[in-house]
Amino acid sequence: LYGFGGAWCQEAQFTEHNSACGYYCTFDQGVCLPTSVSGVERYWGCQCGNGYWGASCSRFSCSQPCLHGGTCIDQEVCSCFPGFTGA
């Protein structure tokens, strides 16, 4: 049968589609896991760890919003707009 192998055709053989995981997914910011199977096509996606989000877990989250135009650049780290400082 197409899509199976092994002595008794007991092992599924898939065409893997894992490019959606990206670099950061495997850089301790997430885990690349199967998300769906369609026939012999298996699709993978990134399951983000705490504090990360986005398709490849390359975005950070801050529990409090960065104020006055600041940007969250790492977990719980805001980059302040020029003229503003923070702790």
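The structure we're discussing is the one just above.
All of these numbers come straight from a predicted model, not from anything done at the bench.

Before going further, it helps to examine the sheet that holds strand β4 (residues 30-38). Overall, mixed pairing links the three strands, which are arranged β3-β5-β4 in an open sheet. Single-partner strands in this sheet number two, and they are β3 (15-17) and β4. For this sheet, the mean angle separating the axes of adjacent strands, direction not counted, is 30 degrees. As defined by bridge partners, β4 adjoins strand β5 (residues 41-48) across eight bridges and the pair is classed as antiparallel. Looking at β5, one finds that L33 is bridged to G45.

To continue, consider unusual backbone geometry. For C57, which is not glycine, the phi dihedral falls at a positive 60 degrees. Mapped onto the elements, C57 comes out in the loop between β6 (52-53) and β7 (59-60). Owing to a relative accessible area of 0%, C57 belongs among the buried residues under this scheme.

Of note, V31 is situated in strand β4. Note: C-alpha distance between V31 and C21 (ten residues apart in sequence) is 8.2 Å. When near neighbours in sequence (up to four residues on either side) are disregarded, V31 contacts C25, G45, C46 and Q47.

On to the state of the cysteines, then. Between two cysteines, a covalent bond joining their sulfur atoms is known as a disulfide. Applying the stated criterion across every chain yields a total of four disulfides. Note that C21 is cross-linked by a disulfide to C32, the S-S spacing being 1.8 Å. Classification of the bridge connecting C21 and C32 rests on its S-S torsion, roughly 70 degrees, and on that basis the disulfide is right-handed. Of this pair, C21 sits in the loop between β3 and α1 (22-29) while C32 sits in strand β4, and the two are eleven residues apart along the sequence. Taking the relative accessible area as the measure of exposure, C21 reaches 3% and is therefore buried.

Turning our eyes to something else, we now look at the side chain of Q29. Tracing the chain through its elements places Q29 in helix α1. A polar side-chain atom of Q29 sits 2.7 Å from the main-chain carbonyl oxygen of C57.

What counts and how
- Residues numbered from 1 in each chain as written.
- Predicted model: local features only at pLDDT ≥ 70, side-chain atom pairs only at ≥ 80, totals over all residues.
- Heavy atoms only, no water.
- Pairing = 2+ DSSP bridges.
- Helix = DSSP H or I, 4+ residues; strand = E, 2+ residues; numbered from the N terminus.
- Axes fitted to C-alpha atoms, helices over the stretch in contact; angles between N-to-C directions.
- Buried < 20%, exposed > 50% of the residue type's maximum accessible area, 1.4 Å probe, protein only.
- Contact = heavy atoms within 4.5 Å.
- Disulfide = S-S within 2.5 Å.
- Polar contact = N/O pair within 3.5 Å; in protein donor to acceptor, adjacent residues only side chain to side chain.

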